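What the coordinates show
So you can see what is in the structure, the chains are spelled out below.
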Amino acid sequence: MTAPLISLSIGLSAIFLLGGLSREDDPIRAILVKSGDLSILSGPSRLLFHGVPKILPHQAIDYPTNIENDSDLEACIKLMKNCRININVRQVN
């Protein structure tokens, strides 16, 4: 549990709650995370309960609209305007 937890947000914005050492503790802080934000929980904060209770519709970044002849990229951009992806990296023993 000494290695940090790294989290990358992509797509829609969301509210990230950071809580206490127990699920019963009230949230300590609410943080707005946007597409491209990187969060790192290390040290004592690594052990805090955390989660995303709310995704914010219509809060995506502006993606380019002048894409020519790339249907895969066009489909990906359309998808990312309506969803959120979170990539977590953590070391487990």
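Shown above is the structure to which this text applies.
Here we summarise the structure given alongside this text.

Thresholds, definitions, all that
- Residues numbered from 1 in each chain as written.
- Predicted model: local features only at pLDDT ≥ 70, side-chain atom pairs only at ≥ 80, totals over all residues.
- Heavy atoms only, no water.
- Pairing = 2+ DSSP bridges.
- Helix = DSSP H or I, 4+ residues; strand = E, 2+ residues; numbered from the N terminus.
- Axes fitted to C-alpha atoms, helices over the stretch in contact; angles between N-to-C directions.
- Patch = residues over 30% accessible without salt bridge, like charges linked within 9 Å, V, L, I, M, F, W, Y side chains within 5 Å.
- Areas by Shrake-Rupley, 256 points an atom, 1.4 Å probe, with all protein chains shown as cover.
- Salt bridge = Lys/Arg side-chain N within 4 Å of Asp/Glu carboxyl O.
- Buried < 20%, exposed > 50% of the residue type's maximum accessible area, 1.4 Å probe, protein only.
- Polar contact = N/O pair within 3.5 Å; in protein donor to acceptor, adjacent residues only side chain to side chain.
- Contact = heavy atoms within 4.5 Å.

Turning to the pairing of strand S2 (residues 13-18), a few remarks are in order. Strand direction decides the pairing type here: S2 and strand S5 (residues 50-56), joined by 5 bridges, are antiparallel. Following the sheet pairing, Ile-15 is matched in S5 by Lys-54. Alignment of S2 against strand S3 (residues 29-33), held across 5 bridges, turns out to be antiparallel. Considered in S3, the bridge of Leu-17 is made with Ala-30.

The antiparallel open sheet is built from 3 strands, whose spatial order is S4-S1-S6. Of all strands in the sheet, those bounded by a partner on one side alone are strand S4 (38-41) and strand S6 (84-89). Pairs of neighbouring strands in the sheet enclose a mean axial angle of 20 degrees, with direction left out of account. One ladder, built from 6 bridges, connects strand S1 (residues 5-11) with S6; its direction is antiparallel. The residue of S6 that forms the bridge with Leu-8 is Ile-87.

Here the focus is a nonpolar patch on the surface. Together, Ile-85, Ile-87 and Val-89 make up a nonpolar patch on the protein surface, roughly 230 Å² of accessible area in all. Residue placement: Ile-85 occurs in strand S6.

What follows deals with the sheet that holds S5. With antiparallel pairing, the 3 strands of this open sheet are ordered in space as S3-S2-S5. Both outer strands of the open sheet, S3 and S5, are each paired with one neighbouring strand and no more. Pairwise comparison of adjacent strand axes, ignoring direction, gives a mean angle of 25 degrees for this sheet.

Let us now look at the side chain of Ser-7. With respect to the helices and strands, Ser-7 occurs in strand S1. Residue Ser-7 is classed as buried on the basis of its relative accessible area, which comes to 11%. Polar side-chain contacts of Ser-7 include one of 2.8 Å to the side chain of Asn-86. A polar contact of 3.1 Å, which involves the side chain of Ser-7, links it to the side chain of Asn-88. Discounting chain neighbours no more than four positions away, the residues touching Ser-7 are Asp-37, Leu-38, Ser-39, Asn-86, Ile-87 and Asn-88.

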